[in-house]
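Per-entry structural report
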Amino acid sequence: MKSKEIAKQARKLAEPFCITKGKEFRLKDIDPNDTLWLKDEDKPKATEALSTGVDALSHYQEMLYADDKRSLLLIFQAMDAAGKDGAIKHVLSGVNPQGCDVHSFKTPTSEDLDHDYLWRSMKVLPNRGRIGIFNRSYYEEVLVVRVHPAFLEKQKLPPELVTRHIWQERFEDIRNFEQYLTRNGTVVLKFFLHLSKKEQKRRFMERLEDPDKHWKFSSSDMAERAFWDQYMEAYEDMIQHTATPNAPWYVVPADNKWFTRVVVAAAIIQALSGLDLKFPKVDKPKLKELAAAKAVLEKK
Ligand code: ATP
Ligand code: MG
């Protein structure tokens, strides 16, 4: 498939889930079980499309690296068992590991808590030419920290700064931070893998019943499930306030893993194809140098 055709297909798959203006966004408008026009029997076709997408991504990543001006930041947020790890693994499977870094953000360390909350993310932002993947991110600061105020208490903030406006202030700071990144050549894409509570139950049961999946089960995931409604409210508010044309949220249906992966790949392809990346052209002296090297090799 030609790259123009791939970009066109990618747009068709990614656009329905791309939120660039949060104001009107309602989580209930996106069905976690949605697969657009693709049916279950189309799965093999979707897998084939994903593999075409993975090859295309590898090509774009090479150009991103050669161009050395922009970087790509991919942020993944989701409830447990939504398939973040699998999506990252499959979609980026063709990308040169040397051009890509994955960071997982867990409960902050005491060193993290000694700084502002963006500090630990800033340290690991992608270099120019590279892809940075955040498996969870600073968005946890308006999700888990909002759902469990005990985390906020541990952040050593001056008490007068912790008011009822804190979440709106964090949204504003995050928007500004992402605009700053964009203005410095980083393309920011954010993915919320939108899983239904019912499908999470099915996946947890699978982990409990299949001995090969026992290691994936954690009782803390069960504990977080009890806060499902609070998380959904926090996610909706977060998307409403931080989806912007420069740093959109993709709310990706996550009840069907094969579909999630195709949409994530499509969104990245759509963004990279829009950058008009090209391999740098070499100048005349360099062309002379290449011709001379070729002549030497041909002689021997
Ligand atoms: P997996 O379970 O697939 O390994 P995960 O991303 O769920 O991946 P865990 O180690 O299970 O990783 O969970 C990390 C935990 O750290 C999550 O519960 C998350 O909410 C929490 N966390 C991340 N950032 C923060 C933060 N800033 N403050 C408090 N908790 C956080
Ligand atoms: Mg977990």
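Residues numbered from 1 in each chain as written. Chains lettered and ligands numbered in written order. Predicted model: local features only at pLDDT ≥ 70, side-chain atom pairs only at ≥ 80, totals over all residues. Heavy atoms only, no water.

1. A closer look at the overall build of the chain
Note the following rule: Counting from the N terminus, the helices are DSSP H or I runs at least four residues long and the strands are E runs at least two residues long. Between the two quantities, the radius of gyration covers C-alpha atoms and the globule rule is 2.2 Å times the number of residues to the power 0.38. Categorising residues by exposure relies on relative accessible area from a 1.4 Å probe, with only protein chains included: less than 20% of the type maximum marks a residue as buried, more than 50% marks it as exposed, and the intermediate range marks it as partly exposed.
Looking only at helices and strands, one finds 13 helices and 6 strands in the chain. Its C-alpha atoms give the chain a radius of gyration of 21 Å, within 12% of the compact-globule value 19 Å for 300 residues. Dimensions of the chain along its principal axes, counting C-alpha atoms only, are 75 × 50 × 40 Å. Within the chain, the fraction of its 300 residues that count as buried is 47%.

2. Considerations on the pairing of strand S6 (residues 249-253)
Remember that side chains alternate between the two faces of the sheet whenever the strand is regular. To be explicit about the condition: Two strands form a pair only when DSSP identifies at least two bridges running between them.
Of all 5 residues making up S6, 5 are buried, and the element is well covered by its neighbours. By the alternation rule, side chains of S6 split into Trp-249, Val-251 and Pro-253 and Tyr-250 and Val-252, which are all buried. Examined bridge by bridge, strand S1 (residues 18-19) and S6 share 2 bridges and lie antiparallel to one another. Residue pairing in the sheet places Cys-18 in a bridge with Tyr-250 of S6. One ladder, built from 5 bridges, connects strand S5 (residues 186-194) with S6; its direction is parallel. Across the sheet, residue Lys-190 finds its bridge partner in S6, namely Trp-249.

3. What about helix H12 (residues 257-273)?
Spelled out, the test is: The length a helix should cover is 1.5 Å for every residue beyond the first.
Relative to the 24 Å expected for 17 residues at 1.5 Å per residue, H12 spans 24 Å between its end C-alpha atoms, a close match to the ideal helical length. Within H12, 15 of the 17 residues are buried, leaving the element largely enclosed by the surrounding structure.

4. Considering the sheet that holds S1
Sheet architecture is open: 6 strands sit in the order S1-S6-S5-S2-S4-S3, paired in mixed fashion. One side of each edge strand has no neighbouring strand; the edge strands of this open sheet are S1 and strand S3 (100-104). Sheet topology note: the strand S2 (residues 71-78)/strand S4 (residues 131-135) ladder contains 5 bridges and is parallel. Residue pairing across strands places Leu-74 opposite Ile-133, the latter belonging to S4.

5. Details of the packing of helix H2 (residues 43-67) against H12
Defined as follows: All axes here are fitted lines through C-alpha atoms, helices being fitted over the stretch that makes contact, and every angle between N-to-C directions spans 0 to 180 degrees. An angle below 35 degrees is read as roughly parallel, one above 145 as roughly antiparallel, one from 65 to 115 as roughly perpendicular, and any other as oblique. Two helices crossing with the near one rotated counterclockwise from the far one by less than a right angle form a left-handed crossing, whereas a clockwise rotation gives a right-handed crossing. Contacts are assigned to residue pairs that have any heavy atoms within 4.5 Å of one another. Residues are grouped as follows: Ala, Val, Leu, Ile, Met, Phe, Trp, Tyr, Cys and Pro are nonpolar; Asp, Glu, Lys and Arg are charged; all remaining types, including Gly, are polar.
At their nearest, the axes of H2 and H12 sit 9 Å apart, and the two run at 30° to each other. As the angle between them shows, H2 and H12 are arranged roughly parallel. Both H2 and H12 take part in a crossing whose hand is left-handed. Taking contact as the criterion, the partners of Lys-43, Ala-46, Leu-50, Gly-53, Ala-56, Leu-57, Tyr-60 and Leu-64 in H2 are, on H12, Trp-258, Arg-261, Val-262, Ala-265, Ile-268, Ile-269, Leu-272 and Ser-273. Looking at side-chain class alone, the contact of H2 with H12 contains 12 nonpolar, 2 polar and 2 charged residues.

6. Re the side chain of Glu-141
Going by this rule: What qualifies as a polar contact is a pair of N or O atoms within 3.5 Å, subject to a donor-acceptor requirement within protein and to the restriction that residues adjacent in sequence count only when both atoms come from side chains.
Checked against the element boundaries, Glu-141 lands in the loop between S4 and helix H6 (144-147). Accessibility expressed as a relative area gives 5% for Glu-141, which makes it buried. Reaching out from Glu-141, the side chain makes a polar contact with the side chain of Arg-170 at a distance of 2.8 Å.

7. Here's the deal with the nonpolar core
Under the convention used in this document: To form a nonpolar core, buried Ala, Val, Leu, Ile, Met, Phe, Trp, Tyr and Cys residues must be joined to one another through side-chain atoms within 4.5 Å.
The biggest cluster of nonpolar side chains holds 87 residues, and the ones touching the most others in it are Leu-74, Tyr-138, Phe-191 and Ile-268. With 12 residues, H12 is the largest single contributor of residues to this core. If sequence neighbours within four positions are ignored, Leu-74 has contacts with Leu-92, Ile-131, Gly-132, Ile-133, Phe-134, Leu-189, Phe-191 and Ile-268.

8. A short note on the packing of aromatic side chains
For any two aromatic rings, the description comes down to two numbers: the centre-to-centre distance and the angle of the planes. Our working rule: Ring pairs shown here join Phe, Tyr and Trp side chains whose ring centres sit within 6.5 Å, with only the six-membered ring taken for Trp; geometry is labelled stacked below 30 degrees between planes, edge-to-face above 60, and tilted in between.
According to the stated counting rule, one finds 10 aromatic pairs in the structure shown. A ring pair is formed by Tyr-139 and Trp-249, whose centres lie 4.8 Å apart and whose planes are at 65°; its orientation type is edge-to-face. With a gap of 110 residues between them, Tyr-139 in the loop between S4 and H6 and Trp-249 in strand S6 connect regions that are remote in the sequence. Classification of Tyr-139 by relative accessible area gives buried; the value is 0%. Ring centres of Trp-258 and Phe-259 lie 6.0 Å apart, and the angle between their planes is 75°; on these two criteria the pair is classed as edge-to-face. Exposure remark for Trp-258: the relative accessible area of 13% places this residue in the buried category.

9. Focus on the site of ligand 1
Keep this limit in mind: Throughout, near means a residue has at least one heavy atom within 4 Å of the molecule or strand. The protein chains shown are the only cover counted for residues, whose accessible areas, like all others here, come from Shrake-Rupley with a 1.4 Å probe.
By nearness alone, 14 residues border ligand 1, and Lys-84, Lys-106, Arg-136, Glu-140 and Glu-141 come closest of all. In the environment of ligand 1, a nitrogen atom lies 3.2 Å from a nitrogen or oxygen atom belonging to the side chain of Arg-120. Interatomic distance of 2.9 Å between a side-chain N/O atom of Glu-141 and a nitrogen atom of ligand 1. Within the complex, the protein chains bury 74% of what would otherwise be the 630 Å² of accessible surface of ligand 1. Only helix H3 (84-91) and H6 provide two or more residues apiece to the shell around ligand 1. Among the residues making up the shell around ligand 1, the classes are represented as 5 nonpolar, 1 polar and 8 charged.

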